[in-house]
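Structural features, examined
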Amino acid sequence: MIAIYPGSFDPITLGHLDIIERGCKLFDQVIVAVLRNPSKSPLFTVQERIEQISLSTQHLSNLEVDSFIGLTVEYAKLKNARVLLRGLRVLSDFEGELQMAHTNETLWNEIETVFLATSNEYSFLSSSVVKEVAKFGGSVAHLVPPQVALDLCRCYTETPLE
Ligand code: PNS
């Protein structure tokens, strides 16, 4: 069974990595799919995000990293996948995630969304929080994979705050 883990991953955090590692134990193959979203202005390019995820997941043999544009369910069909994997951190995630799962189900009734409860230690963690801390010079080494911590440091050193 193939599962797609779609998201922005700008950048990948240890919370995402937790979901990926656990997903790889549950499914035959997991595809981390980075959304190419022209209406967002991300910190990292899609290529950079793919590299960050690939470097952080080298230990997982049943993992593929890819990008997609458009509807997630169309991408899932293309990849022969019937499962969408998503992490749930706190209650406030639930409403948006349920809406997304129901919408996807109306678009393709073969798709199932599987939610994994994010491990407790990462329940507060998001890509936005990580960027906020890094932007003001705080250490994010305990929040993201090592390569991402380096990339964030480089990013905000090259673009100092006014
Ligand atoms: O990491 P994110 O930003 O929470 O991920 C959101 C994502 C990429 C899963 C979601 O925005 C998505 O699936 N976008 C693709 C467009 C789509 O299929 N929309 C229908 C579901 S509402």
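Look up: the structure comes first, before these words.
All chains use their own residue numbering, which begins from 1 and follows the written sequence. In keeping with the model being predicted, local features are shown solely for residues with a pLDDT of at least 70 and side-chain atom pairs are shown and tallied solely at 80 or more, while totals for entire chains, interfaces and linings include all residues. Side-chain numbers come from the whole structure's heavy atoms, not from hydrogens or water.

Here we come to the side chain of Asn62. For the purposes of this entry, the term helix denotes a DSSP run of H or I that reaches at least four residues, the term strand denotes a run of E that reaches at least two, and both are numbered from the N terminus. Here Asn62 lies in the loop between helix 2 (46-56) and strand 3 (63-68). There is a polar contact of 2.9 Å between the side chain of Asn62 and the backbone oxygen of Cys24. Polar contacts, as counted here, are pairs of nitrogen or oxygen atoms within 3.5 Å of one another; within protein the pair requires one atom able to donate a hydrogen and one able to accept it, and residues that are adjacent in sequence qualify only if both atoms are side-chain atoms. Here the side chain of Asn62 touches Asp28 through a polar contact of 3.2 Å, landing on its backbone oxygen. Contact criterion: two residues are considered in contact whenever any of their non-hydrogen atoms come within 4.5 Å of each other. Sequence-distant contacts of Asn62, defined by excluding residues within four places in its chain, comprise Cys24, Phe27, Asp28, Gln29 and Val30.

Turning our attention to the packing of aromatic side chains. Working definition: a ring pair exists when centres of Phe, Tyr or Trp rings (six-membered ring for Trp) sit within 6.5 Å. Plane angles under 30 degrees give stacked, over 60 give edge-to-face, the rest tilted. Taken as a whole, this structure holds 2 aromatic pairs when the rule is applied. Consider the rings of Tyr5 and Phe9, whose centres lie 5.1 Å apart with planes at 80°: the pair is edge-to-face. For Tyr5, a relative accessible area of 4% translates into the label buried. A 1.4 Å probe rolled over the protein chains alone gives each residue an accessible area, and that area as a share of the maximum for its type sets the label: buried under 20%, exposed over 50%, partly exposed in between. Judged by its relative accessible area of 2%, Phe9 is buried.

Within the secondary structure, Leu35 sits in strand 2 (residues 29-35). By relative accessible area, which is 25% here, Leu35 ends up partly exposed. The sequence separation of Leu35 and Thr72 amounts to 37 residues, and the corresponding C-alpha distance is 8.5 Å. If we skip the residues at most four places from it in the chain, Leu35 touches Gly7, Val46, Arg49, Phe68 and Gly70.

What follows deals with the sheet that holds strand 4 (residues 83-88). For two strands to count as paired, DSSP must find a minimum of two bridges between them. Strand order in the open sheet formed by 5 strands is 3-2-1-4-5, with parallel pairing between adjacent strands. If you trace the sheet from one side to the other, it starts and ends with strand 3 and strand 5 (112-117), each paired once. Neighbour-to-neighbour, the strand axes of the sheet open up by a mean angle of 30°, direction not taken into account. Sitting on the sheet, helix 2 touches strand 2 and strand 3, and the angle it makes with strand 2 is about 150°. Whenever a helix is involved, its axis is fitted only over the stretch in contact; in every case the axis is a line through C-alpha atoms, and angles between N-to-C directions fall within 0 to 180 degrees.

These figures come from the coordinates and say nothing about function on their own.
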